[in-house]
Amino acid sequence: MADVRFISSSIVQKANHKASGERIELNPWDLRLLQIGHIQKGLLFPKPKPDLQEEKTENTLIHHLKTSLSRTLHHFPVLAGRLATTEYEDGSISFFIDCNNSGALFIHAAADGVTISDIVKPVYVPPIVHSFFPLNGLKNYEGVANPLLGIQITDLADGIFIGCTINHAVADGSSFWHFFNSWSEISEGAIQLSKPPVFQRWFPDGIDLPIRIPQFLVKQINENFMLPPLQERVFHFTKENIAKLKAKANAEIGTNNISSLQALLSHIWRSVIRNRKIDPNEETNYRIVVGARQRFQELSDKYFGNAIQGEIVLMKAKELLEQGIGNVACQMNRTIAKVTEESLKIFLESWPTSPTFVTMSNTLVASSSPRFNMYGNDFGWGKPIAVRSGSANKFDGQINLYCGAEEGSIDIEACLLPETLEAMANDQEFMDIVTG
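We now turn to the structure provided with this report. (Residues numbered from 1 in each chain as written. Predicted model: local features only at pLDDT ≥ 70, side-chain atom pairs only at ≥ 80, totals over all residues. Heavy atoms only, no water.)

## Some thoughts on the overall build of the protein
- Scanning the protein for helices and strands turns up 13 helices and 16 strands.
- Projected onto its principal axes, the C-alpha coordinates of the protein cover approximately 60 × 60 × 40 Å.
- Burial statistics for the protein: of 436 residues in total, 54% are counted as buried.
- For the protein, long-range pairs separated by at least 24 residues make up 80% of all intrachain contacts whose partners lie at least 6 apart in sequence.
- Accessible surface, the protein as shown: approximately 18600 Å² in total, 49% of it carbon and sulfur.
- Taking the average location of the 40 positive side-chain charges in the protein and that of its 48 negative ones, the two points are 2 Å from each other. (Helix = DSSP H or I, 4+ residues; strand = E, 2+ residues; numbered from the N terminus. Buried < 20%, exposed > 50% of the residue type's maximum accessible area, 1.4 Å probe, protein only. Contact = heavy atoms within 4.5 Å. Areas by Shrake-Rupley, 256 points an atom, 1.4 Å probe, with all protein chains shown as cover. Lys, Arg positive; Asp, Glu negative; His and termini not counted. Charge placed at Lys NZ, Arg CZ, Asp CG, Glu CD.)

## Describing helix 7 (residues 239–253)
- Here helix 7 is 15 residues long and its end C-alpha atoms lie 22 Å apart, about the 21 Å a rise of 1.5 Å per residue gives.
- Of the residues making up helix 7, those classed as buried are Asn241, Ile242, Leu245, Ala249 and Asn250.
- Buried residues belonging to helix 7 abut strand 10 (231–237), helix 8 (260–276), helix 10 (324–337) and strand 16 (410–416).
- Note on helix 7: the residue one or two positions beyond its end, Gly254, has a positive phi of about 60 degrees. (Expected span 1.5 Å × (residues − 1).)

## Considering the side chain of His168
- Along the polypeptide, His168 turns up in the loop between strand 8 (159–166) and helix 5 (173–187).
- The class for His168 is buried, based on a relative accessible area of 10%.

## With respect to the nonpolar core
- In terms of nonpolar packing, the biggest core is built from 113 residues, with Leu34, Leu79, Phe95, Leu149, Phe179 and Trp269 touching the most fellow members.
- Here this core takes 8 residues from helix 8, the largest share from any one element.
- Non-local contacts of Phe179, meaning those with residues more than four positions away in its chain, are made with Leu69, Thr72, Phe76, Leu79, Leu149, Ile151, Cys164, Ile166 and Phe304. (Core = buried A, V, L, I, M, F, W, Y, C linked by side-chain atoms within 4.5 Å.)

## Description of the sheet that holds strand 14 (residues 386–389)
- Read across the sheet, 6 strands follow the order 1-6-7-8-3-14 without closing on themselves; strand pairing throughout is mixed. Each edge of the sheet is formed by a strand with only one pairing partner; in this case those strands are strand 1 (5–12) and strand 14. Here the strands of the sheet are splayed against their neighbours by 20 degrees on average, with no regard to which way each runs.
- Bridge analysis of strand 7 (residues 149–155) against strand 8 gives 7 bridges, and the strand direction is antiparallel. (Pairing = 2+ DSSP bridges. Axes fitted to C-alpha atoms, helices over the stretch in contact; angles between N-to-C directions.)

## Observations regarding helix 5
- Compared with the 21 Å implied by 1.5 Å per residue over 15 residues, the 21 Å span of helix 5 between its first and last C-alpha is a close match.
- In terms of residue burial, helix 5 counts as a mostly covered element, since 12 of its 15 residues are buried.
- When helix 5 is considered as a whole, its buried residues turn out to be Ser175, Phe176, Trp177, His178, Phe179, Phe180, Asn181, Ser182, Trp183, Ser184, Ile186 and Ser187.
- If you check the start of helix 5, you find a side-chain oxygen 3.3 Å away from the backbone N of Ser174, and it comes from Asp172.
- Note on helix 5: the residue one or two positions beyond its end, Gly189, has a positive phi of about 120 degrees. (Polar contact = N/O pair within 3.5 Å; in protein donor to acceptor, adjacent residues only side chain to side chain.)

## Observations concerning the packing of helix 7 against helix 10
- Axis separation between helix 7 and helix 10 bottoms out at 7 Å; the angle between their running directions is 90 degrees. Taken together, the axis directions place helix 7 and helix 10 in an arrangement best described as roughly perpendicular. For the pair helix 7 and helix 10, contact is made by Leu245, Lys248, Ala249, Glu252 and Ile253 and by Gly324, Ile325, Gly326, Asn327, Ala329 and Cys330, respectively.
- Looking at side-chain class alone, the contact of helix 7 with helix 10 contains 6 nonpolar, 3 polar and 2 charged residues. (Parallel < 35°, antiparallel > 145°, perpendicular 65-115°, else oblique. Nonpolar A, V, L, I, M, F, W, Y, C, P; charged D, E, K, R; others polar.)

## Digging into the pairing of strand 5 (residues 92–98)
- Burial of strand 5 is extensive: 6 of the 7 residues sit out of reach of the surface.
- Both strand 2 (residues 23–25) and strand 5 contribute to a ladder of 3 bridges, which runs antiparallel. Each residue of the ladder has a partner; that of Ile24, found in strand 5, is Ile97.
- Looking at chain direction, strand 4 (residues 82–87) and strand 5 are connected through 6 bridges and run antiparallel. Opposite Glu87, over in strand 5, you have Ile93 as the bridge partner.
- Turn length for the strand 4-strand 5 hairpin, with the two strands adjacent in sequence and antiparallel, is 4 residues, and the turn residue Gly91 shows positive phi of about 85 degrees.
- Examined bridge by bridge, strand 5 and strand 9 (residues 213–214) share 2 bridges and lie antiparallel to one another. From the neighbouring strand, Ile93 faces strand 9, where its bridge partner is Ile213.

## Quick look at the packing of helix 8 against helix 10
- Direction vectors running N to C along helix 8 and helix 10 enclose 120 degrees, while the axes themselves pass 9 Å from each other. By the angle between their directions, the pair helix 8 and helix 10 is classed as oblique. In the packing of helix 8 onto helix 10, the handedness of the crossing is right-handed. Taken together, the residues of helix 10 that come into contact with helix 8 (itself represented by Gln262, Ala263, Leu265, Ser266, His267, Trp269 and Arg270) are Gly324, Ile325, Val328, Ala329, Met332, Asn333 and Ile336.
- The residue inventory of the contact of helix 8 with helix 10, partitioned by class, reads 8 nonpolar, 5 polar and 1 charged. (Left-handed = near helix turned anticlockwise from the far one by under 90°.)

Spelled out as structure tokens, the structure:
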């Protein structure tokens with residue numbers, strides 16, 4: 001497959017070109033993500049139809065996307081800014097967002113001869129997809145010297161890929177898609193946003209601001225972490241098959257409390273562990289990213305930042321495989337139910353006295369969400385065909401959850417060892433629920 005050819009690179013500032021001078025302090029939800037990589041998600045679109053092509057030739061389309069991005073940044077000034085720091089004599093450091101309008105990175109590229117089919121038809125996600133994203137290889141703390149937002153428009157033979165990279169210390173998945181949805185609204189002609197963002201961070205009463213953390217901790221790297229050779233595969237689950245899985249999980253333990261997503265995640269967990277062929281007595285864990293907005297009365301759904309908490313479900317391999325999907329989903333349900341407004345506030349209050357950071361490790365993690373609006377993004381020439389992710393934060397066990405193109409369906413993008421993915425493809429219990 002051809003390499004990606006870079007055509008142009010520029011910086012896009014917000015429409016009024018004035019720095020707001022606003023300073024936004026980061027809270028513990030943001031700060032604990034400084035050591036990992038950015039969020040990288042993108043959408044694959046068909047090329048504009050011939051009647052639109054006359055109005056939107058390649059150059060005018062790029063100009064249109066740049067202009068609409070600039071207008072969107074007017075509503076999202078944090079994404080046109082940079083991270084900034086203050087260093088203290090005691091060796092501590094604090095981070096904030098400087099809304100200085102330094103601008104977002106905008107790249108125009110082409111993958112000559114590469115078609116939509118080349119991206120969506122192979123069993124495994126082709127490696128070239130990682131080249132459809134800007135700002136690769138950066139950690140979030142590097143947002144001091146690098147854009148907090150990068151956009152790459154990659155022309156394919158019969159399609160267009162819009163790759164978006166956002167610094168994860170500035171936004172979580174919900175905020176990522178809030179921005180993406182808003183950009184598509186403005187690109188399609190909207191003057192006002194349907195959902196204006198709220199940037200002010202939430203802090204517990206009485207907390208000392210800015211939050212100061214030991215400087216040596218920020219850039220601490222887990223030197224023992226080795227990234228093995230990995231592959232990615234997208235598994236599609238229809239609304240009907242998910243409903244069957246949910247009914248089975250609930251029936252096994254005589255309840256109606258298990259959600260569709262909990263049943264699906266349990267199904268995936270059991271298959272991964274079964275096909276990794278680990279010691280039956282080994283304890284396995286599944287880290288689930290739980291959203292805080294709906295659990296926290298003082299947070300608006302328009303809150304732009306990080307409002308997520310990672311929770312770990314623990315089970316021995318033999319328990320996971322012998323007890324059935326219902327018991328596994330029940331353990332997951334109980335763990336998620338423990339995340340309350342009170343527990344979230346306790347975390348935010350206690351973190352500054354003993355800061356811990358999210359780090360990369362080869363463990364099973366479920367992130368993103370099928371509730372995010374991905375397929376509703378229309379920039380003016382039609383809705384997307386597929387969702388794909390970049391190379392950031394990939395490890396053996398990364399599971400991305402996407403809504404499917406059909407209503408109620410879910411796509412799972414699994415990043416695992418090649419031998420695990422191959423064994424899962426031959427796992428009848430798992431594949432009976434997979435479509436396509």
